[in-house]
Amino acid sequence: MRKKICYIAFLFVSVSFSQSTFESFLKPSDSLNPSRRNAVVIAESSLAGLTLIGLDRLWYADYPRSKFHTLNDNNEWLQMDKLGHVFTSYQLGRVGANVLNWSGVRKKDQLIYGSTLGFTFLTAVEVMDGFSEEWGFSWGDMIANAAGTGLYVGQELLWQEQRIVLKYSFHQTKYAAQRPDKLGDGFFEEFLKDYNGQTYWLSANVHSFFKDSNFPKWLNVAIGYGGYGMLSGENETVNNSMISQNRIRQFYLSLDVDLSRIKTNSRFLRTIFDVFNVIKVPFPALEFTDKNDIKLHGIYF
């Protein structure tokens with residue numbers, strides 16, 4: 001949840017900043033613009049620092065400190081938390097590279113200093129986990145962070161574009177009401193904490209793979225993964241009784257829209273489309289489970 005809060009903070013700043021600027025100001029610089037670059041570095045460093053301080057004061061301060069230690073949580077939450085790390089690292093890296101592109105920074109430096117923003121920031125959070133008795137430094141989380149950064153960098157090196165993007169969708173479930181302390185109390189908390197209602201998507205742009213085809217340039221095919229029936233990370237005892245859980249892995253096949261590929265002459269709209277392109281557009285979807293069930297959703301979100 002903490003990682004998602006960090007990403008949402010970055011996202012909110014991006015939207016607010018875009019709304020307060022002019023079209024010409026949003027145009028990426030053709031060459032290095034030192035004032036823009038310096039502003040980006042200062043803004044990102046300040047925001048990251050304030051976020052880490054806020055986490056330390058508002059989150060970690062409520063739990064005992066400890067010596068640095070590791071934690072193996074790879075079997076928890078049907079790996080939904082690990083996909084959250086992949087998603088957050090990818091999206092923060094995408095934002096980092098984009099703002100450096102806006103500053104006119106050369107492509108190589110965008111990848112070195114921009115696309116690694118998510119991995120660097122989440123590593124700092126992971127180290128803080130390592131000094132908290134409640135959690136611990138997780139190598140599984142670190143691998144997931146690296147995977148998210150690698151997905152962005154790899155595509156830029158291979159194709160010079162993001163043909164496959166990571167997206168997110170959410171719907172409320174009955175499970176949060178059963179364990180609001182773990183899964184959230186109210187829509188906003190559930191959006192961040194209830195893994196039962198979350199789906200992570202690999203959304204692939206069809207036209208980018210078939211340049212000479214007549215497929216709409218904005219049309220994507222999306223493969224999703226989710227989990228259901230989870231009241232805790234693993235089977236655990238609460239109030240001296242074992243929580244009954246029927247965990248189900250869910251796989252989805254659906255269509256999607258790549259908002260960043262919709263044609264518009266407005267740079268403001270392009271920025272808005274790019275920001276909200278993290279959300280999977282609702283479409284009909286086929287669901288497959290590890291219990292051999294198949295279900296058709298008229299609209300899935």
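Residues numbered from 1 in each chain as written. Predicted model: local features only at pLDDT ≥ 70, side-chain atom pairs only at ≥ 80, totals over all residues. Heavy atoms only, no water.

1. What about the overall build of the protein chain?
Here is step 1 of the chain: For the protein chain, the helix and strand inventory stands at 12 helices and 8 strands.
Here is step 2 of the chain: Split into buried and exposed, the 301 residues of the protein chain put 46% on the buried side.
Here is step 3 of the chain: Pairs at least 24 apart in sequence give 71% of the contacts found in the protein chain among residues at least 6 apart.
Here is step 4 of the chain: Total accessible area computed for the protein chain in this model is approximately 15500 Å², and 61% of it derives from carbon and sulfur atoms. (Helix = DSSP H or I, 4+ residues; strand = E, 2+ residues; numbered from the N terminus. Buried < 20%, exposed > 50% of the residue type's maximum accessible area, 1.4 Å probe, protein only. Contact = heavy atoms within 4.5 Å. Areas by Shrake-Rupley, 256 points an atom, 1.4 Å probe, with all protein chains shown as cover.)

2. Considerations on a nonpolar patch on the surface
Here is step 1 of the chain: Together, L202, V221, I223, F251, L253, L255, L286, F288, I294 and L296 make up a nonpolar patch on the protein surface, roughly 890 Å² of accessible area in all.
Here is step 2 of the chain: When contributions to the nonpolar patch are tallied by element, the ones reaching two or more residues are β3 (219-228), β6 (248-257), β7 (283-289) and β8 (294-300).
Here is step 3 of the chain: Counting residues per element, the nonpolar patch draws most heavily on β6, which supplies 3 residues.
Here is step 4 of the chain: Structurally, L202 can be placed in strand β2 (residues 198-205).
Here is step 5 of the chain: Using a relative accessible area of 41% as the deciding quantity, one classes L202 as partly exposed. (Patch = residues over 30% accessible without salt bridge, like charges linked within 9 Å, V, L, I, M, F, W, Y side chains within 5 Å. Salt bridge = Lys/Arg side-chain N within 4 Å of Asp/Glu carboxyl O.)

3. What to know about unusual backbone geometry
Here is step 1 of the chain: With a phi angle near 55 degrees, L78 is a residue other than glycine that sits in the positive phi range.
Here is step 2 of the chain: Turning to its location among the elements, L78 is positioned in the loop between α3 (34-58) and α4 (80-102).
Here is step 3 of the chain: Given a relative accessible area of 10%, L78 falls into the buried group.
Here is step 4 of the chain: If you check the backbone angles, Q79 has positive phi at about 65 degrees while not being a glycine.
Here is step 5 of the chain: One can find Q79 in the loop between α3 and α4.

4. Examining the sheet that holds strand β1 (residues 164-170)
Here is step 1 of the chain: Spatial ordering of the open sheet is given by β1-β2-β3-β6-β7-β8, a layout of 6 strands whose pairing is antiparallel. Two strands close off the open sheet at either side, each with one partner strand: β1 and β8. If you compare each strand with its neighbour and ignore which way they point, the axes differ by 25 degrees on average.
Here is step 2 of the chain: Relative to β6, β3 runs antiparallel, the two sharing 10 bridges. (Pairing = 2+ DSSP bridges. Axes fitted to C-alpha atoms, helices over the stretch in contact; angles between N-to-C directions.)

5. Observations concerning the packing of α4 against helix α5 (residues 107-114)
Here is step 1 of the chain: Contact geometry for α4 and α5: axes closest at 8 Å, N-to-C directions at 140 degrees. Once α4 is placed against α5, the crossing between them reads as right-handed. On α5, the residues that touch L92, G93, G96, A97, L100 and N101 of α4 are D109, Q110, Y113 and G114.
Here is step 2 of the chain: Classifying every residue of the contact of α4 with α5 by side-chain character gives 4 nonpolar, 5 polar and 1 charged. (Left-handed = near helix turned anticlockwise from the far one by under 90°. Nonpolar A, V, L, I, M, F, W, Y, C, P; charged D, E, K, R; others polar.)

6. Focus: the side chain of Q162
Here is step 1 of the chain: Following the sequence through the fold, Q162 ends up in the loop between α7 (139-159) and β1.
Here is step 2 of the chain: With a relative accessible area of 12%, Q162 lands in the buried category.
Here is step 3 of the chain: Of the polar contacts made by the side chain of Q162, one reaches the side chain of Q155; its length is 3.1 Å.
Here is step 4 of the chain: Every residue in contact with Q162, bar those within four places of it in the chain, is listed here: Y90, L151, Y152, Q155, E156 and R261. (Polar contact = N/O pair within 3.5 Å; in protein donor to acceptor, adjacent residues only side chain to side chain.)

7. A short note on the pattern of salt bridges
Here is step 1 of the chain: With the rule as written, the count across this model stands at 13 salt bridges.
Here is step 2 of the chain: Note that R179 and D181 form a salt bridge whose closest N and O atoms lie 3.7 Å from each other.
Here is step 3 of the chain: Residue R179 is classed as buried on the basis of its relative accessible area, which comes to 10%.
Here is step 4 of the chain: Accessibility expressed as a relative area gives 54% for D181, which makes it exposed.

8. Focus on the packing of aromatic side chains
Here is step 1 of the chain: For the coordinates displayed, the defined rule picks out 21 aromatic pairs.
Here is step 2 of the chain: Ring centres of F87 and Y168 lie 5.8 Å apart, and the angle between their planes is 40 degrees; on these two criteria the pair is classed as tilted. With F87 in helix α4 and Y168 in strand β1, the pair connects residues that are 81 residues apart, well separated along the chain. No difference in accessibility class separates F87 from Y168, as the two residues are buried.
Here is step 3 of the chain: Ring plane angle 75 degrees and centroid distance 5.6 Å describe the contact between F170 and F191, whose orientation is recorded as edge-to-face. Separated by 21 residues along the polypeptide, F170 in strand β1 and F191 in helix α10 (residues 187-193) bring together distant segments of the chain.
Here is step 4 of the chain: Three or more aromatic residues joined by ring pairs form one cluster here, namely F87, Y168, F170, F187, F191 and Y200.
Here is step 5 of the chain: Over the ring of F25 we find R36; its NZ or CZ atom is 5.3 Å from the centre of that ring.
Here is step 6 of the chain: Above the plane of the ring of F209 lies R163, whose end atom (NZ or CZ) is 5.2 Å from the centre. (Phe/Tyr/Trp six-rings, centres within 6.5 Å; stacked < 30°, edge-to-face > 60°. Lys NZ or Arg CZ within 6 Å of the ring centre and 35° of its normal.)

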